[in-house]
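Remarks on the overall topology
Chain residues, written in single-letter form:
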Amino acid sequence: MKQKQYIHQEITFHLMVEYSPNALILVNEESKIVYVNLYAEKLFKYPKTELIGRGVEILIPERLREKHPGLVKMFFSSPTSRAMGVGRDLYAVKKDGTEFPVEIGLNPLVTIEGTLVLAAIIDISERKIKDAALKKQLELESKNQELEQFAYIASHDLREPLRTINNYIQVIEEDCTEILNDTSRNYFYSINQAIRRMEVLIGALLEYSRLGKDFLFSPVDLNVLLENVKADLASSIHTNQVRIHIGTMPVLNVNEIKIRQLFQNLLSNAIKFRKKNSIPQILILAEKQDTRWKFSIKDNGIGIEEKHFTRIFQIFQRLNTSEEYEGNGIGLANCKKIVELHNGEIWVESTPGEGSVFCFTIATQ
Ligand code: ADP
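Presented here is an overview of the structure given in this document.

Criteria and thresholds
- Residues numbered from 1 in each chain as written.
- Predicted model: local features only at pLDDT ≥ 70, side-chain atom pairs only at ≥ 80, totals over all residues.
- Heavy atoms only, no water.
- Axes fitted to C-alpha atoms, helices over the stretch in contact; angles between N-to-C directions.
- Helix = DSSP H or I, 4+ residues; strand = E, 2+ residues; numbered from the N terminus.
- Left-handed = near helix turned anticlockwise from the far one by under 90°.
- Contact = heavy atoms within 4.5 Å.
- Nonpolar A, V, L, I, M, F, W, Y, C, P; charged D, E, K, R; others polar.
- Core = buried A, V, L, I, M, F, W, Y, C linked by side-chain atoms within 4.5 Å.
- Buried < 20%, exposed > 50% of the residue type's maximum accessible area, 1.4 Å probe, protein only.
- 1 Å grid on protein atoms, 1.4 Å probe; cavity = no way out; pocket = protein on both sides within 12 Å on 5 of 7 lines; lining within 4 Å.
- Points joined across faces, edges and corners; volume = space filled by probe spheres on them.
- Pairing = 2+ DSSP bridges.
- Near = heavy atom within 4 Å.
- Polar contact = N/O pair within 3.5 Å; in protein donor to acceptor, adjacent residues only side chain to side chain.
- Areas by Shrake-Rupley, 256 points an atom, 1.4 Å probe, with all protein chains shown as cover.

1. Considerations on the packing of helix 10 (residues 256-272) against helix 11 (residues 331-341)
- Following both chains from N to C, one finds helix 10 and helix 11 inclined at 145 degrees, their axes separated by 9 Å at the closest point. Relative to helix 11, the crossing made by helix 10 is left-handed. Of the residues in helix 11, those in contact with Lys 258, Ile 259, Gln 261, Leu 262, Asn 265, Leu 266 and Asn 269 of helix 10 are Gly 331, Leu 332, Asn 334, Cys 335, Ile 338 and Val 339.
- Partitioned by chemical class, the residues of the contact of helix 10 with helix 11 number 7 nonpolar, 5 polar and 1 charged.

Structure (structure tokens):
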């Protein structure tokens, strides 16, 4: 009876190890593999038969193999349960030569065949990718914060002297009304226009520098959001007879106000930069890609030369004069910032004279 119970326990234990969701490898004192479970076969892409009896170094990248026998010896000289290579980056290699980062736990097992070491191996590739992305994001955030601070102080401090100039110009203009001729009146008109324009630019710069603040995410139905954006632009859509087709949109965890601003900027640009004498046609689509959603806003407008594809996303960069198309060159810089705050990317594909496609992504994780 006891014997049967013992055999039953043995089988259960064997199955637990064999089907464990971690790669388990048993190695003897000569560094030879004596057992691998199913997960280890899958992870290293070797059939068991090709691993059993082989030196465990086969699973270590060649550049790191040299030191390993010494480390094995050291482990067997005072075997304790511990993590391998604390403070070092560990890598393993698959049968096809692919290297990947790992974490390894070592446990000594005393058996009648001598001491063995059970190595539990975890593939940490995904964690490493996430850590690297997080690091990049933190660096970007700190760089952005510095820039924002600079833009905020600069724009805030520029307002005051501009107000003073504006006040004195008005006083001079009023005091001198009687002695002004047409030419000097024109000069005053130009000065006032320049002051208005500078006020708008400073306001836009202040808004840009405040974009990253108060950033809350919530689930937003982008189908509804785009209908609202369309409604806001209804008059321009109607006047220019714009044809807009919007595909099915997802519900995403985003900052509603900023994503609305993003679509509004891209859609109004698609209308603004239309070709003369042709009906503007705009297509807005969404497509799921792994851990992100890709959105595209396609127009049949004037298009953009390839050499400007990066520049247009920088603040105050415009390709056309204000007389041709009104604007202040801050819309796409805002779009870029909003997309980056959603861990995404923005870019443009375009053919001059045929149209442009503005694409951006939003990370879902
Ligand atoms: P603004 O629209 O105020 O000029 P933006 O930052 O929105 O500023 O755009 C920067 C420049 O990129 C625009 O001046 C224009 O030359 C170009 N651009 C943006 N969107 C389009 C588009 N859909 N088609 C063609 N050119 C575009």
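Once the structure has been displayed, the description carries forward.
2. Regarding the nonpolar core
- Counting residues in each nonpolar core, the largest one holds 39 residues, and the members touching the most others are Ile 259, Phe 263, Ile 282, Phe 295 and Phe 360.
- The set of elements that each furnish at least two residues to this core consists of helix 8 (222-232), strand 9 (251-254), helix 10, strand 10 (281-289), strand 11 (292-299), helix 11, strand 12 (346-351) and strand 13 (355-363).
- Residues within four places of Ile 259 in sequence aside, it is in contact with Leu 222, Leu 225, Val 254, Ile 338, His 342 and Ile 362.
- The next biggest cluster of nonpolar side chains, apart from the first, holds 26 residues, and it includes Tyr 46, Leu 51, Leu 59 and Phe 100.

3. Some thoughts on the layout of surface pockets
- Empty space within the largest pocket amounts to approximately 1400 Å³.
- Forming the boundary of the largest pocket are 37 residues, of which Gln 137, Glu 340, Asn 343, Gly 344 and Ala 363 lie nearest the centre.
- Going through the elements one at a time, helix 6 (125-175), strand 9, helix 11 and strand 13 are the ones with two or more residues in the lining of the largest pocket.
- Broken down by element, the residue count for the lining of the largest pocket peaks at 12 residues, all from helix 6.
- Class assignment for the residues of the lining of the largest pocket results in 13 nonpolar, 14 polar and 10 charged.

4. What about the pairing of strand 10?
- As paired elements, strand 8 (residues 243-246) and strand 10 share 4 bridges and run parallel to each other. The partner of Arg 243 across the bridge, within strand 10, is Gln 281.
- Pairing of strand 10 with strand 11, which is carried by 8 bridges, proceeds in the antiparallel orientation. If you follow Leu 283 over to strand 11, its bridge partner there is Lys 298.

5. Details of the site of the ligand
- With respect to spatial proximity, 21 residues lie near the ligand, and among them Asn 269, Lys 272, Arg 318, Asn 320 and Leu 332 are the closest.
- Within the side chain of Lys 272, an N or O atom sits 2.9 Å from an oxygen atom of the ligand.
- Between a nitrogen atom of the ligand and a side-chain N or O atom of Asp 299, the distance comes to 2.9 Å.
- Protein chains bury 97% of the 530 Å² of accessible surface belonging to the ligand in isolation.
- Going through the elements one at a time, helix 10, helix 11 and strand 13 are the ones with two or more residues in the shell around the ligand.

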